[in-house]
Amino acid sequence: MKSDYLVVSDHVQDAIDKKMPVIAVETAEIYLGLKGGGAMMDGVGADGIRLNEGTNPDYYKVSEDIGNLIVQNGAVPAMIAVIDGKIHVGLSKSDMKYLSDHQSELKKICQSDLPMLLALGQDGVTTLSATMTIAQMVGINVVVTIGIGGVSEDYGDTHHVSADVEEMIHNRVVVVATGLTPGSEPERSLRFFDTHGISVIGFRSDYFYTRWLPEKEHKLRYRVDDPTDIAAALAVKRSLDIDGAILVFNPAATVISDKDSYDTDINFNHIREVINDNVTLAAWVAMAISMDLDPNINNRKSKRSSIPKKEKSMSFEVWLFAVKKFAQNYDVAQLIFNNLPDSEKERIRKEYEDTVE
């Protein structure tokens, strides 16, 4: 899709064109969901995780680490934000630094906010609903986040349903999340998902949680242990032209009680663990989707059996671009490599084989 309001970075567009695994990242959770404290009590705030009174995290570093982790898992990161009234898909280092430096001025963008924010030329970071909309717009199949909004606990009075869920009704991406955000009513949310065609799957778990709180455990109808099953489910939906996202709940390995004290180190390390787990799973799913799995299970078995159990965590091209930093995009990195003497090419390929697991 082409638009004056849409800027897709060269390396993300190249990856989409080549059907490489690409992951869209919700940036509102990073830049506005992690905050240092003052006005609010420690713990889970209405708009996200609050750190103890002290300093905010280094948002640039958090974004960079998430991008690096996605690359290490063999996929291409597509951070999404609005800068100067344009949607940027695939943020550069200078973009991430700009957002970090202007964090206090950023708008939180839902899907419905996009037209006005773009028209006014403002800056903002995307919630899940906007991230999903933009991901589908440019051809990205997988979106990763921490938690998603659901049906509100006070639905009887407000009739409020998160824009995240409303967007899932019409979208056809896979969303990887830990659980529902606080303030969502789990059972009513599950019924809403079911009624509106949103497939909900537990990854290696029969339950999902309100964020990661153990006492908020809820039974799921479907569980998968292999990421290729998630990719195959998406292939089936698309082959039948069925709307509705696939929501994959990936419960955290460690759980935190809402009674715990959220000091900076403990909370931040746990957030990193959650993000790492979700990014890794999203990368696996994106790689499985990039294999273009046949929805017919009999055809799929032979394709699966041909996949090595242990693959390199990233392709040589991604390594050249992201680790060796040959250039600012894949095409130029490959061009530089191709123009090297054969002996130098051999040395670099050997370095790749020796260092990339």
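The model shown is predicted, which means the values in this text are computed figures rather than measured ones.

### Describing the overall build of the protein
For step 1, the next point in the chain: Helix and strand counts for the protein come out as 15 helices and 18 strands.
For step 2, the next point in the chain: A total of 357 residues make up the protein; the buried ones form 53% of that total.
For step 3, the next point in the chain: For the protein, the proportion of contacts with a sequence separation of at least 24, taken over those separated by at least 6, is 70%.
For step 4, the next point in the chain: Counting every atom, the protein has about 16,600 Å² of accessible surface; 50% of that belongs to carbon and sulfur.

### Regarding the nonpolar core
For step 1, the next point in the chain: One finds Ile-66 and Val-174 to be the most contacted residues of the largest nonpolar core, which totals 47 residues.
For step 2, the next point in the chain: By residue number, the principal contributor to this core is helix H11 (residues 264-290), which donates 11 residues.
For step 3, the next point in the chain: Not counting chain neighbours up to four residues away, the residues in contact with Val-174 comprise Asn-141, Val-142, Val-143, Ile-230, Leu-234, Ile-246, Val-248, Val-285 and Ile-289.
For step 4, the next point in the chain: The next biggest cluster of nonpolar side chains, apart from the first, holds 45 residues, and it includes Val-82, Val-138, Val-161 and Phe-193.

### A short note on helix H3 (residues 59-72)
For step 1, the next point in the chain: Across its 14 residues, H3 extends 20 Å between first and last C-alpha, which sits within 8% of the 20 Å expected from 1.5 Å per residue.
For step 2, the next point in the chain: Across the 14 residues of H3, 11 count as buried, placing the element largely inside the fold.
For step 3, the next point in the chain: If you check which residues of H3 are buried, you get Tyr-59, Tyr-60, Val-62, Ser-63, Glu-64, Asp-65, Ile-66, Gly-67, Leu-69, Ile-70 and Val-71.
For step 4, the next point in the chain: A side-chain oxygen of the first residue of H3 lies 3.2 Å from the backbone nitrogen of Tyr-60; this N-cap is Asp-58.
For step 5, the next point in the chain: Of the residues one or two after H3, Gly-74 is the one with positive phi, at around 90 degrees.

### With respect to the pairing of strand E12 (residues 174-177)
For step 1, the next point in the chain: On E12, burial covers both faces: Val-174 and Val-176 on one face and Val-175 and Ala-177 on the other are all buried.
For step 2, the next point in the chain: Direction of pairing for strand E10 (residues 142-144) relative to E12: parallel, over a ladder of three bridges. Note on E12: the bridge partner recorded for Val-142 is Val-174.
For step 3, the next point in the chain: Summarising the sheet, E12 and strand E18 (residues 246-249) pair through four bridges and their orientation is parallel. Looking across to E18, one finds that Val-176 is bridged to Val-248.

### Looking at the packing of aromatic side chains
For step 1, the next point in the chain: Tallying each qualifying case throughout the model produces two aromatic pairs.
For step 2, the next point in the chain: Aromatic pair Tyr-31 and Tyr-59: ring centres 5.8 Å apart, planes at 25 degrees, arrangement stacked. Of this pair, Tyr-31 sits in helix H2 (residues 28-31) while Tyr-59 sits in helix H3, placing them 28 residues apart in sequence. Assigned by exposure class, Tyr-31 and Tyr-59 land together as buried.
For step 3, the next point in the chain: Sitting above the plane of the Tyr-207 ring, Lys-219 keeps its charged end 5.4 Å from the centroid.

### A look at the packing of H3 against helix H4 (residues 93-101)
For step 1, the next point in the chain: Contact pair H3 / H4: the axes reach a minimum separation of 8 Å and the direction vectors enclose 145 degrees. For the element pair H3 and H4, the recorded crossing hand is right-handed. Here H3 contributes Tyr-59, Tyr-60, Ser-63 and Glu-64 to the contact with H4, which in turn contributes Lys-93, Met-96, Lys-97 and Ser-100.
For step 2, the next point in the chain: Its residues placed into classes, the contact of H3 with H4 shows three nonpolar, two polar and three charged.

### Describing the confidence of the model for the protein
For step 1, the next point in the chain: Mean pLDDT for the protein: 80, with 78% of residues reaching 70 or above.
For step 2, the next point in the chain: Contacts for the low-pLDDT stretch residues 259-264, under 50 throughout, to residues beyond four places or in other chains number 15 contacts.
For step 3, the next point in the chain: Ignoring residues within four places in sequence, the model shows residues 300-310, a span with pLDDT below 50, making 12 contacts including any to other chains.

### Brief notes about the packing of helix H6 (residues 128-138) against helix H8 (residues 163-170)
For step 1, the next point in the chain: As a packed pair, H6 and H8 sit with axes 7 Å apart at the nearest point and diverge in direction by 25 degrees. Regarding the angle of H6 to H8, the classification is roughly parallel. Across from Leu-128, Ser-129, Met-132, Thr-133 and Gln-136 in H6, the residues of H8 making contact are Ala-163, Asp-164, Glu-167, Met-168 and His-170.

### Details of the pattern of salt bridges
For step 1, the next point in the chain: By the definition in use, this model includes 12 salt bridges.
For step 2, the next point in the chain: Arg-223 serves as the salt-bridge partner of Asp-206, at 3.3 Å between the closest nitrogen and oxygen. Highlighted residues: Asp-206 in the loop between strand E14 (199-203) and strand E15 (207-210) and Arg-223 in strand E17 (residues 223-224), separated in sequence by 17 residues.
For step 3, the next point in the chain: Overall, Asp-206 belongs to the partly exposed group, its relative accessible area being 29%.

### Points about the environment of Ala-75
For step 1, the next point in the chain: Along the chain, Ala-75 falls in the loop between H3 and strand E6 (76-83).
For step 2, the next point in the chain: For the pair Ala-75 and Val-285, spaced 210 residues apart in the sequence, the C-alpha separation amounts to 9.9 Å.
For step 3, the next point in the chain: Look past the residues within four positions of Ala-75 in its chain and what remains in contact with it is Pro-21, Ile-23, Ile-70 and Ala-283.

### Re a nonpolar patch on the surface
For step 1, the next point in the chain: Where nonpolar side chains cluster on the molecular surface, the patch consists of Val-236, Leu-240 and Ile-242 and spans about 240 Å² of accessible area.
For step 2, the next point in the chain: Note on placement: Val-236 falls in helix H10 (residues 227-239).
For step 3, the next point in the chain: Taking relative accessible area as the criterion, Val-236 reaches 32% and is therefore assigned partly exposed.

Calculation criteria
- Per chain, residue numbering runs from 1 following the sequence as it is written.
- Selection of residues for local features in this predicted model requires a pLDDT of at least 70, selection of side-chain atom pairs for listing and counting requires 80 or more, and totals for whole chains, interfaces and linings are taken over all residues.
- Excluding hydrogens and water, the side-chain values take into account all heavy atoms of the structure.
- Per the convention used, a helix needs a DSSP run of H or I reaching at least four residues, while a strand needs a run of E reaching at least two, with both numbered from the N terminus.
- Partly exposed residues are those whose accessible area sits between 20% and 50% of the maximum for their type, while under 20% is buried and over 50% is exposed, using a 1.4 Å probe and protein chains only.
- We call two residues contacting when some pair of their heavy atoms lies within 4.5 Å.
- Each accessible area is a Shrake-Rupley result for a 1.4 Å probe, and residues are judged covered by the shown protein chains and nothing else.
- Nonpolar core, defined: a set of buried Ala, Val, Leu, Ile, Met, Phe, Trp, Tyr and Cys residues in which side-chain atoms within 4.5 Å join the residues together.
- Working rule for helices: expected span equals 1.5 Å times residues minus one.
- Two N or O atoms count as a polar contact when they lie within 3.5 Å, although within protein this holds only if one can serve as hydrogen donor and the other as acceptor, and sequence-adjacent residues are included solely when both atoms are side-chain atoms.
- In this analysis, strands are considered paired if DSSP registers two or more bridges between them.
- Stacked, tilted and edge-to-face are the three classes applied to pairs of Phe, Tyr and Trp rings, where Trp contributes its six-membered ring and a pair requires centres within 6.5 Å; stacked means planes under 30 degrees apart, edge-to-face means over 60, and tilted covers the rest.
- Comment: the charge-over-ring label is applied if NZ (Lys) or CZ (Arg) is within 6 Å of the ring centre and within 35 degrees of the ring normal.
- Orientation is described by axes fitted as lines to C-alpha atoms, over the contacting stretch for helices, and by angles from 0 to 180 degrees between their N-to-C directions.
- Two helices that cross are described as forming a left-handed crossing if the nearer one is turned anticlockwise from the farther one by less than a right angle, and a right-handed crossing if clockwise.
- Each residue gets one label: Ala, Val, Leu, Ile, Met, Phe, Trp, Tyr, Cys and Pro are nonpolar, Asp, Glu, Lys and Arg are charged, and the others, such as Gly, are polar.
- Per-residue confidence from the predictor is reported as pLDDT, which spans 0 to 100.
- Should an angle lie under 35 degrees it is considered roughly parallel, over 145 roughly antiparallel, and from 65 to 115 roughly perpendicular; all remaining angles are considered oblique.
- Here, a salt bridge means any side-chain nitrogen of Lys or Arg that lies within 4 Å of a carboxyl oxygen of Asp or Glu.
- To count toward a patch, a residue needs a relative accessible area over 30% and no salt bridge; like charges are then connected within 9 Å, while nonpolar side chains (Val, Leu, Ile, Met, Phe, Trp, Tyr) are connected within 5 Å.

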